[in-house]
Amino acid sequence: MRPRPDGAPRAGAALPPVLLLLLPPLLGASPGPAPAPAPAPAPAPTPTRAPQDGAPGTARVKRGWVWNQFFVVEEYTGTEPLYVGKIHSDSDEGDGAIKYTISGEGAGTIFLIDELTGDIHAMERLDREQKTFYTLRAQARDRATDRLLEPESEFIIKVQDINDSEPRFLHGPYIGSVAELSPTGTSVMQVIASDADDPTYGSSARLVYSVLDGEHHFTVDPKTGVIRTAVPDLDRESQERYEVVIQATDMAGQLGGLSGSTTVTIVVTDVNDNPPRFPQKMYQFSIQESAPVGTAVGRVKAEDSDVGENTDMTYHLKEESGSGGDAFKVTTDSDTQEAVLLVQKRLDFESQPVHTVVLEALNKFVDPRFADLGTFRDQAIVRVAVTDVDEPPEFRPPSRLLEVQEDAQVGSLVGVVTARDPDAANRPVRYAIDRDSDLDQIFDIDEDTGAIVTGKGLDRETAGWHNITVLAMEADNHAQLSRASLRIRILDVNDNPPELATPYEAAVCEDAKPGQLIQTISVVDRDEPQGGHRFYFRLVPEAPSNPHFSLLDIQDNTAAVHTQHVGFNRQEQDVFFLPILVVDSGPPTLSSTGTLTIRICGCDGSGTIQSCNTTAFVMAASLSPGALIALLVCVLILVVLVLLILTLRRHHKSHLSAEEDEDMRDNVIKYNDEGGGEQDTEAYDMSALRSLYDFGEPQGGAAGSPPRGPAPGGPPSARLALPQGPPRPEPDFAAFRDFIGRKVALADADPAVPPYDAFQTYALEGAGSPAASLSSLHSSPRSGSSASEQDFAYLRGWGPRFGALAALYAGHLRADAEAAAS
């Protein structure tokens, strides 16, 4: 039905069904019979729904929910299911025709509904800290037709919080720091705890902070958790670390609230509130007097209870009165903060055996806030005992300058050096000169007195200074040696006469006018007088008066030469020699004579010299520097060309010589003629021996020549004759055979000839050749030997290159064998 404007229903219209959601009378009450439904508030307007399950399409109903939010207490510990609430429809007549159902979060598992009554129960223990509410949907259906009687609607079951979570400190561990001696109330740090309970409901999440342990030194703000100092005298040197226990309690600290705690570590940081202190008031050290400057005597450290840069210190020395003042100095070791006492000047046991100094230590960084605590420095006395050592002699003064005249005689005294033994024994001293510094032994020294004398003549112009090293040593211990450098200056003596600077040559024109400047003369002198040089010039007095030239002393150690008359005649005299006397200022006064050569030359109208009678002068006057350079270049080019031609010719000759040597090697013929020796002057042509034709003669003396063989009763020097092959159609070598035969006969008949054949044949192919030597030099000269003892049949196996040799020897032996067999 539709509500009327005045809100009264029309007559005859039925009331629409209404779904009631009822809460239990008290939250957390035990479930029981459903209470009677309370009067429902005015239903909220809801959208119309379409006809369902056969309802007339034109019927429209007005529905509404009596709706309240359900609450359920968390952490329920009862044995029965927890009653949550009830769903009821105003169309429910209690006959069981309506079925109630729920769906959504936890439906069917956490939450169950009674289909008949609509009672909802929680079946599990709920925890608000895990889930704060559940959203579900409720439905009312006709049990018989399962028709939806009411539109589905959402409702919420909210889990109501109880104080079941204690406060927790989630950001630990907590470590803070505070400077020592901080005033009371100085903030150290802040700690914050969290509570999982609902902060909007009750006091379950309202926290209060307190100190459980450490309250004598620190406090905590109960609301903010800020930790502050409770005392003004925190001392790091007494206690560097504090462990403070902070507690957080919920329920605003009321009885029954839950609590949680954490431990906060508070480190007390250092400030410079402690001055340095020496552990003892006196320190003693010892050091040898020979210790070099910079040697460490010892180390002293002042202690400081502070840490870090607050312990950085500096040290100063305060010498006691009458102790010398500056024998030592002190530095600070930055790593160990120790005072390092160093030798600052040479120590002397004999003059001061003990040094006493005051060492002061003070902090480098001083905090003005703690100036009222006292002075931040401390002092200690340091005594340094100097021990005696055997020291070498000492020169007094250690070095000096000596002077001696260069004309001093050998053995003249130059100076005296003095050295003494600084030890208490005061042993005698001996002197010597280090000859490495005086290789020429120009000076000597008296070993007892230290007197230095000249050992050779001196010459300042050769060596104006001498640096020598004098040695002083103990007389009985030469190992104790000291050295001193002496500089000896050679004083000048006027012992060198002045000389013209160069051999002067001048030229003057034939038509020169009187008074014309010809040449300016300057002088050199090897001496160096203290007042400077002063030279005087004049013409040699012994020379006749010169009418041609005059000499003018310019008074600045130079002189000028001028002409005295008009014109000169080269035909009469082309060269003049003008002797000039030069005198120095002494003492003693020395002089020398130099000659100025003046040449008379022809000049042009402008006075330029054209020619003189001296070729060198003409060349020097006429050739310009450019022409001279060109001439030198031409000469250099000619020399290079000549060297190049000689090199090419030598290279060509070496090339020809190499070719000739190669030809000679190709045509070398090696032979050994062991004939009659030096007395055998009869020569024969060896060219026939180079013939490649084999020669031989028929057995039995064809051509009228009997075979050569040893004559019966012949001399023991007779050897086998050359083997002869069978007759061949080659050319006849009878003349050659006759010649050799005569030579052999002469050799056999000569008793002075060695027992060898006059003609030998060699055929040696080298170390790798199978052919051996065919020389008869290795044959035994046994009497009665026959040709059959030598078997040359193997020559046939040497190949075609040895065919001719095999035919000559092997064929001859075969013929001899056949004759013997017949």
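## Here's the deal with the packing of aromatic side chains
Thinking step 1. This model, assessed by the stated rule, comprises ten aromatic pairs.
Thinking step 2. Seen from their ring centres, Phe549 and Phe576 are 5.5 Å apart, and the 75 degrees between their planes marks the pair as edge-to-face. With Phe549 in strand β37 (residues 549–553) and Phe576 in strand β39 (residues 575–583), this pair connects stretches of sequence that are 27 residues apart.
Thinking step 3. By relative accessible area, Phe549 is classed as buried at 1%.

## Thoughts on empty space enclosed by the protein
Thinking step 1. This structure, assessed with the given rule, holds three cavities of 30 Å³ or more.
Thinking step 2. Estimates place the volume of the largest cavity at around 50 Å³.
Thinking step 3. Residue lining of the largest cavity: Asn494, Asp525, Asp527, Pro529, Gly532, His533, Arg534, Asp584, Ser585 and Gly586, and that is the complete set.
Thinking step 4. Classifying every residue of the lining of the largest cavity by side-chain character gives one nonpolar, five polar and four charged.

## Overview of the pattern of salt bridges
Thinking step 1. By the definition in use, this model includes 33 salt bridges.
Thinking step 2. When the shortest N-O distance is used, the salt bridge between Arg141 and Asp146 registers 4.0 Å.
Thinking step 3. Owing to a relative accessible area of 40%, Asp146 belongs among the partly exposed residues under this scheme.
Thinking step 4. Note that Lys318 is salt-bridged to Glu360, the shortest N-O span being 3.6 Å.

## Description of a nonpolar patch on the surface
Thinking step 1. Taken together, Leu631, Val635, Val639, Val642, Leu643 and Leu646 make up a surface patch of nonpolar side chains, about 530 Å² in accessible area.
Thinking step 2. Structurally, Leu646 can be placed in helix α2 (residues 625–666).

## Focus: the sheet that holds strand β19 (residues 313–319)
Thinking step 1. Spatial ordering of the open sheet is given by β17-β23-β22-β19, a layout of four strands whose pairing is mixed. Single-partner strands in this sheet number two, and they are β17 (282–288) and β19. In this sheet, adjacent strand axes meet at a mean angle of 30 degrees when their direction is disregarded.
Thinking step 2. Bridge analysis of β17 against strand β23 (residues 377–387) gives seven bridges, and the strand direction is parallel.

## Some thoughts on the state of the cysteines
In a disulfide, the sulfur atoms of two cysteines are held together by a covalent bond.
Thinking step 1. Under the criterion given, the structure shown has two disulfides.
Thinking step 2. Disulfide pairing is shown between Cys601 and Cys612; the S-S distance is 1.6 Å. Disulfide Cys601-Cys612: torsion about the S-S bond near 105 degrees, hence right-handed. Residue Cys601 is located in strand β40 (residues 591–603), and its partner Cys612 is located in the loop between β41 (609–611) and α1 (615–622); the two are separated by eleven residues in the primary sequence.

## Notes on unusual backbone geometry
Thinking step 1. The residue after Gly172, namely Pro173, is reached through a cis peptide bond having omega 0 degrees.
Thinking step 2. Among the secondary structure elements, Pro173 is positioned in the loop between β9 (153–160) and β10 (174–179).
Thinking step 3. With an omega of -15 degrees, the peptide bond between Pro587 and Pro588 qualifies as cis.
Thinking step 4. Within the secondary structure, Pro588 is located in the loop between β39 and β40.
Thinking step 5. A positive phi angle, close to 60 degrees, is found at Gln337, a residue other than glycine.
Thinking step 6. With respect to the helices, strands and loops of the structure, Gln337 is situated in the loop between β20 (328–333) and β21 (338–343).
Thinking step 7. Judged by its relative accessible area of 11%, Gln337 is buried.
Thinking step 8. One non-glycine residue, Gln441, lies in the positive phi region at around 50 degrees.
Thinking step 9. Assignment of secondary structure puts Gln441 in the loop between β28 (429–433) and β29 (443–445).

Rules behind the numbers
- Residues numbered from 1 in each chain as written.
- Predicted model: local features only at pLDDT ≥ 70, side-chain atom pairs only at ≥ 80, totals over all residues.
- Heavy atoms only, no water.
- Phe/Tyr/Trp six-rings, centres within 6.5 Å; stacked < 30°, edge-to-face > 60°.
- Helix = DSSP H or I, 4+ residues; strand = E, 2+ residues; numbered from the N terminus.
- Buried < 20%, exposed > 50% of the residue type's maximum accessible area, 1.4 Å probe, protein only.
- 1 Å grid on protein atoms, 1.4 Å probe; cavity = no way out; pocket = protein on both sides within 12 Å on 5 of 7 lines; lining within 4 Å.
- Points joined across faces, edges and corners; volume = space filled by probe spheres on them.
- Nonpolar A, V, L, I, M, F, W, Y, C, P; charged D, E, K, R; others polar.
- Salt bridge = Lys/Arg side-chain N within 4 Å of Asp/Glu carboxyl O.
- Patch = residues over 30% accessible without salt bridge, like charges linked within 9 Å, V, L, I, M, F, W, Y side chains within 5 Å.
- Areas by Shrake-Rupley, 256 points an atom, 1.4 Å probe, with all protein chains shown as cover.
- Pairing = 2+ DSSP bridges.
- Axes fitted to C-alpha atoms, helices over the stretch in contact; angles between N-to-C directions.
- Disulfide = S-S within 2.5 Å.

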